[in-house]
Amino acid sequence: MVDELLSLGSQIIATDISAVALTNLENRIGKGSVEIIVDDLTNPHQLTNIEPVDLWIDRAVLHFFTEKNDQDTYFELLQQKVAKKGYVILAEFSLDSASKCSGLPVYRYSKEMLSDKLGSNFSFTENFEYNYTMPSGALRPYIYTLFRRGL
């Protein structure tokens, strides 16, 4: 996805708790192509200082935050950092997906649950369900949702 966004001329911030993962990304796409921020979405420090973004994409991160406090911190940051009229794409384990991923417990979501977590400043736009096939052949149902922030 990063490659496609770069080809469109987008300015990108890539964040992860793993410096190794971000270094691997930089090695693949070229150093300086994206802004790299190593931070913890459940205890953010650097991310609190970024300017608002037009698009927030979460592909399979939020569902690993199983504690309410971690979820609340994540959504508070998201609500602060998505620009007015900006978009949010959340791709998480759906309610009928596995209760664990890579041996870790996950929190599963519906579009209504995600909408509630985002609050009244964000309007639901659309969603679709997708079955990801693991290398083992097991299916992992995801829900992809798109929201837009109001004025």
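Our subject is the structure listed above.
Quick look at the structure, then. Positions within a chain are numbered from 1, following the residues in the order the chain's sequence is written. Only residues with pLDDT of at least 70 get local features here, since the model is predicted, and only at 80 or more are side-chain atom pairs given and counted; chain-wide, interface and lining totals rely on the full set of residues. Computation of side-chain values: all heavy atoms of the structure, hydrogens and water removed.

1. Description of the pairing of strand β1 (residues 13-16)
Should DSSP find at least two bridges between two strands, the strands are taken to pair. Helix and strand definitions here come from DSSP, where helices need a minimum of 4 consecutive H or I residues and strands a minimum of 2 consecutive E residues; each element is numbered from the N-terminal end. Two elements, β1 and strand β2 (residues 35-38), share four bridges in a ladder whose sense is parallel. Bridge pairing in β2 places T15 opposite I37. When the strands point away from the viewer, a crossover counts as right-handed if the path from the first strand over the helix to the second runs clockwise. Regarding the hand of the β-α-β motif, the stretch spanning β1, helix α2 (residues 19-29) and β2 is right-handed.

2. Brief notes about the side chain of D39
Relative to the helices and strands, D39 is located in the loop between β2 and β3 (53-59). For the buried residue D39, which engages in no salt bridge, the nearest side chain bearing the opposite charge is K81, 10 Å off. Polar contacts, as used here, are pairs of N or O atoms within 3.5 Å; protein pairs need one atom able to donate a hydrogen and one able to accept it. Residues neighboring in sequence count only if both atoms are side-chain atoms. For D39, the side chain forms a polar contact with the main-chain nitrogen of Q46, separated by 2.8 Å. Within the structure, D39 has its side chain in polar contact with the backbone nitrogen of L47 (distance 2.8 Å). Here the term buried applies to any residue with accessible area under 20% of the maximum for its type, exposed to any over 50%, and partly exposed to those in between, with areas from a 1.4 Å probe on protein chains only. As used throughout, the charge tally considers Lys and Arg to be positive and Asp and Glu to be negative, leaving His and the chain termini uncounted. The working definition used for a salt bridge is a side-chain nitrogen of Lys or Arg within 4 Å of a carboxyl oxygen of Asp or Glu.

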